[in-house]
Every structure is written in C-alpha cells, then in structure tokens.
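Here is how the chains run, residue by residue.
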Amino acid sequence: MTKLIELQDVTKEFGTFTALNRAAFSIMEETSSMTAIAGESGSGKTTMARIMLGFTEPSKGRVLYRGKDIASMSTAERRQFRREVQPIFQDPFDVFNQFYRIDHVLTTPVKRFKLANTEAEARSLIEDALSRVGLRSQDTLGRFPHELSGGQRQRIMVARAVLLRPRLIVADEPVSMVDASLRATILDELQTLNRDLGISIIYITHDLTTAFQICENIVVLYQGNVAEAGSVERVIGDPKHPYTQLLVSSIPLPNLEQNWGGEDFITLEAASERESRGCRFAPRCSQAMDVCWRTPPEKYLCDRDRLASCFLYRDKPTLRTDDVTEAFGGPVAAKSDHRKTGARSRIDSEG
Ligand code: SF4
C-alpha cells in the first residue's frame, strides 16, 4: 500500500498559539476512503485541511503527496497536485465572483487543465459533472451566483471538483451553511463520488452525527492534538477518550444503542482558569490524574482499530509509528457496512 497524501509530524503555530501539534496522518492510494476530521472550533481541523491542500505552510513537519514534499514541487508537479487534490469550502458564496455567471467556475478549470479539445467536448464534460451532483445544466448554466440557492451553489462546487477527476477531495464543513433539507443530499453525493469514482474524501466537520453516517474512520482533534482516532463505530459508538465522550454525550445519535451522558465535565469557562503542561483536556476532565497535568499522553491502542491519547489507557500498547491512521485497522471494505443505506434516508428519518 502506498500513501497518496501524508502529514509527517506537522505543527502549525500562529505566534505563540499552536493550532496543530505534531499531526501525523495519511490517506492510502489504493483504497478510496472517507475519513472525518472532527472537533470543535479551535480544534485545528481547518488548519489541518488547509495544510493538506497546500494553502497553509506548516511551521514544522512535511506534507508529502505521492511521496513528494509539496513544498519543493516543480511547477508541473504542483499543477498535478492542484488538479488531483480538490477543496470544497464551507461557504460556496465566497468562492464565486458575483459578476460572473456560474459557468465561469466550471469552464475555467476545463481551460486551465486542458480537459477538452472542443467547445462541445467541454460542454459535455460540464453537463456530466452537473448531473453527477443532481443538477441540470438548463437550471444552472447562464445564471448568476445570487440566483441560485446555497445548496445549489455548493453542488456546483462539488461538480467543479468532479470535473477534474481528483484522487482526493478535502471538504471543509461542506454542509454547515446549507439548508437541512439539502444537507443529506450533498453528503449522499459525496458518498457516491467515493463509491463510483473512487475519490477519497476527507470530511472536516464539527458534527459527529454526519461523520458517523458517511465516514468509515474519524480523527477527533482537541486544541490541535489528536484525542481519539479509529473506526467511527468504535470512536462514536463507544468513545474512550473523555473529550469524545463529552462530544458524543451532547448529540442525538438515534442509530446507536448506547446513550452517553451523565459524566460530570468541567465547563469551558471554569477550565480556562487552569493550564496544563500535559494533557490539553485536563482542565475540563473530571478524571484527570496528577500525571495528566505534567506530561502529554501517548497514543494508546485501546482496540485493534482505535487509539486514545489518554492516560486512562496507559496499560495498552502505543502506536508503532506516529501516524494515527495506523489505528484504522486495515482495509475499510472488510470493516463496516453501516453506511450502506445512505445518509439521506437516515437523516430524513431523524426529522
Ligand atoms: Fe483526562 Fe488525563 Fe485522559 Fe487527559 S489524559 S483526558 S486529563 S484522564
């Protein structure tokens, strides 16, 4: 198995603030996967996405794309990287130039990457990309961004990504500004692209429910550090790290039998009074021990396919490497079928 993209010991500092601390993570080339990077605002998830996309430079560490450091790519390699790793952003309105028709965001990549030899070929490619996200060209082309709904604009951005046939889509909160009714549709479309076109998806989100519904694996970040990572069934269905337990206890999970909650957690306001040199979650953790305040925890493999950075599991083995995807437990196809019924039906059934 070879790595498509890899973060090696990546740290990002903004002045004295560490947004991401020694992140090590990879996506394999041979299997198309759907991985969630989850956390609250300030967890470092968007920083991680931007570093992966090459939009933000790490303060320390490296990002490799197919084995090549993206910081030292030639122009041609960079161009290929730009084509093969596509972003989808939270607010599609920001991406559109309000003075251009919608067509512009679709024809520009066709020209830039020379995807078609003739006008007719270009048109056919664009129509195919639109239909893959459930849009009809006659309803969308020729219009201005403000004439479309937020959901339609986001689907145009997904179509734009599809047009380029990327290997990886990094979607940063792609549905957080979309109407609830369209949220499931767009998430279903991402799943379809993953399944039918073999595109790996990294889904950046604060929402564990949708992460559970569409992804196989998840990395939970807390203040720039990995708190827990592994299969979504393990991490969300049976969270081990006190922070993940806190997150899971605060969301409705109709598909899970277990109902977490009842743990006493220290509020963010009360926690801000104290600082920890060890585990970043110690000020909020009701199970914090002396060691937690002094030393950052290792990443302990609680199960075959899940790690937790928490001293409660210090009797377990640690990861062999720093790469948290080591806790994903092998090929995805062998693991899970909980995604089979599609996000739409499940989200609809939640009302
Ligand atoms: Fe709580 Fe300690 Fe675990 Fe941190 S390492 S989550 S403080 S028990």
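1. Thoughts on the overall build of the protein
Regarding its fold elements, the protein presents 14 helices and 12 strands. Residues classed as buried in the protein amount to 52% of the 351 residues present. Of the contacts made within the protein by residues no fewer than 6 positions apart, 63% connect residues no fewer than 24 positions apart. Carbon and sulfur atoms provide 46% of the accessible area of the protein, an area that totals close to 16,500 Å².

2. Description of the environment of Ser286
Mapping Ser286 onto the fold places it in the loop between helix 12 (268-271) and helix 13 (290-294). Between the C-alpha atoms of Ser286 and Pro242, which are 44 residues apart in sequence, the distance is 8.4 Å.

3. Re the site of the ligand
Close to the ligand lie His241, Pro242, Cys279, Phe281, Ala282, Cys285, Gln287, Ala288, Cys292, Cys310, Phe311 and Leu312, which account for all nearby residues. In terms of residue class, the shell around the ligand is built from 10 nonpolar, 2 polar and no charged.

4. Here's the deal with the sheet that holds strand 10 (residues 225-231)
Spatially, the 8 strands line up as an open sheet ordered 6-7-8-3-9-10-12-11, and their pairing is mixed. Each edge of the open sheet is held by one strand with a lone partner, namely strand 6 (85-88) and strand 11 (300-303). The sheet shows a mean angle of 20° between the axes of neighbouring strands, taken without regard to direction. Relative to strand 7 (residues 168-172), strand 6 runs parallel, the two being bridged by 4 bridges. Directly across from Gln86, in strand 7, lies its bridge partner Ile169.

5. Some points on unusual backbone geometry
If a residue is not glycine, its phi is most likely negative; likewise, a peptide bond is most likely trans. Unusually for a residue other than glycine, Arg22 sits at a positive phi of about 50°. Among the secondary structure elements, Arg22 is positioned in strand 2 (residues 17-28). Despite not being glycine, Lys114 shows a phi value in the positive range, around 50°. Along the chain, the position of Lys114 falls in the loop between helix 4 (103-112) and helix 5 (119-132).

6. Some thoughts on the sheet that holds strand 5 (residues 68-69)
Pairing in this open sheet of 4 strands is antiparallel, and the strands run 2-1-4-5 from one edge to the other. Two strands in the sheet have a free side with no partner beyond their single neighbour: strand 2 and strand 5. Of the pairings in the sheet, the one linking strand 1 (residues 3-14) to strand 2 comprises 8 bridges and is antiparallel in character. Across the sheet, the residue bridging to Glu6 is Ser26, located in strand 2.

7. Focus on the pattern of salt bridges
Opposite charge on two side chains permits them to pair, given that their charged atoms come into close proximity. Within the structure shown, the criterion is met by 23 salt bridges. Residues Glu29 and Arg66 are paired through a salt bridge, measuring 2.9 Å at the closest nitrogen-oxygen approach. Taken together, the positions of Glu29 in the loop between strand 2 and strand 3 (34-38) and Arg66 in the loop between strand 4 (60-65) and strand 5 put the pair 37 residues apart, joining distant regions of the chain. Judged by its relative accessible area of 25%, Glu29 is partly exposed. Residue Arg66 is classed as partly exposed on the basis of its relative accessible area of 40%. Taking the shortest distance from any N to any O, the salt bridge between Arg234 and Asp305 comes out at 2.8 Å. Of this pair, Arg234 sits in helix 10 (residues 232-237) while Asp305 sits in the loop between strand 11 and strand 12 (306-308), and the two are 71 residues apart along the sequence. For Asp305, a relative accessible area of 8% translates into the label buried. Connected through shared salt-bridge partners, Glu228, Arg234, Asp238, Lys240, Asp303, Asp305 and Arg306 make up one network.

8. Re a nonpolar patch on the surface
A grouping of Phe55, Phe89 and Val95 is seen on the molecular surface, where their side chains present a nonpolar patch of about 210 Å² in accessible area. Looking at the secondary structure, you find Phe55 in the loop between helix 1 (45-52) and strand 4.

9. Some details on the environment of Pro239
Structurally, Pro239 can be placed in the loop between helix 10 and helix 11 (242-249). In this structure the C-alpha to C-alpha distance between Pro239 and Ser249, which are 10 residues apart in sequence, comes to 9.7 Å.

10. Digging into the environment of Asp172
With respect to the helices and strands, Asp172 occurs in strand 7. The class for Asp172 is buried, based on a relative accessible area of 12%. As a C-alpha pair, Asp172 and Ile37 span 135 residues in sequence and 9.2 Å in three-dimensional space. Beyond its immediate stretch of four places on either side in the chain, Asp172 contacts Thr46, Ile88, Phe89, Gln90 and Ile204.

11. Considerations on the packing of helix 7 (residues 150-163) against helix 8 (residues 180-197)
At their nearest, the axes of helix 7 and helix 8 sit 10 Å apart, and the two run at 10° to each other. Overall, the two elements helix 7 and helix 8 adopt an arrangement that is roughly parallel. Across from Gly151, Gln152, Gln154, Arg155, Val158 and Val162 in helix 7, the residues of helix 8 making contact are Leu182, Thr185, Ile186, Glu189, Leu190, Leu193 and Leu197. Residues that form the contact of helix 7 with helix 8 fall into these classes: 7 nonpolar, 4 polar and 2 charged.

Cut-offs used in this document
Residues numbered from 1 in each chain as written. Predicted model: local features only at pLDDT ≥ 70, side-chain atom pairs only at ≥ 80, totals over all residues. Heavy atoms only, no water. Helix = DSSP H or I, 4+ residues; strand = E, 2+ residues; numbered from the N terminus. Buried < 20%, exposed > 50% of the residue type's maximum accessible area, 1.4 Å probe, protein only. Contact = heavy atoms within 4.5 Å. Areas by Shrake-Rupley, 256 points an atom, 1.4 Å probe, with all protein chains shown as cover. Near = heavy atom within 4 Å. Nonpolar A, V, L, I, M, F, W, Y, C, P; charged D, E, K, R; others polar. Pairing = 2+ DSSP bridges. Axes fitted to C-alpha atoms, helices over the stretch in contact; angles between N-to-C directions. Salt bridge = Lys/Arg side-chain N within 4 Å of Asp/Glu carboxyl O. Patch = residues over 30% accessible without salt bridge, like charges linked within 9 Å, V, L, I, M, F, W, Y side chains within 5 Å. Parallel < 35°, antiparallel > 145°, perpendicular 65-115°, else oblique.

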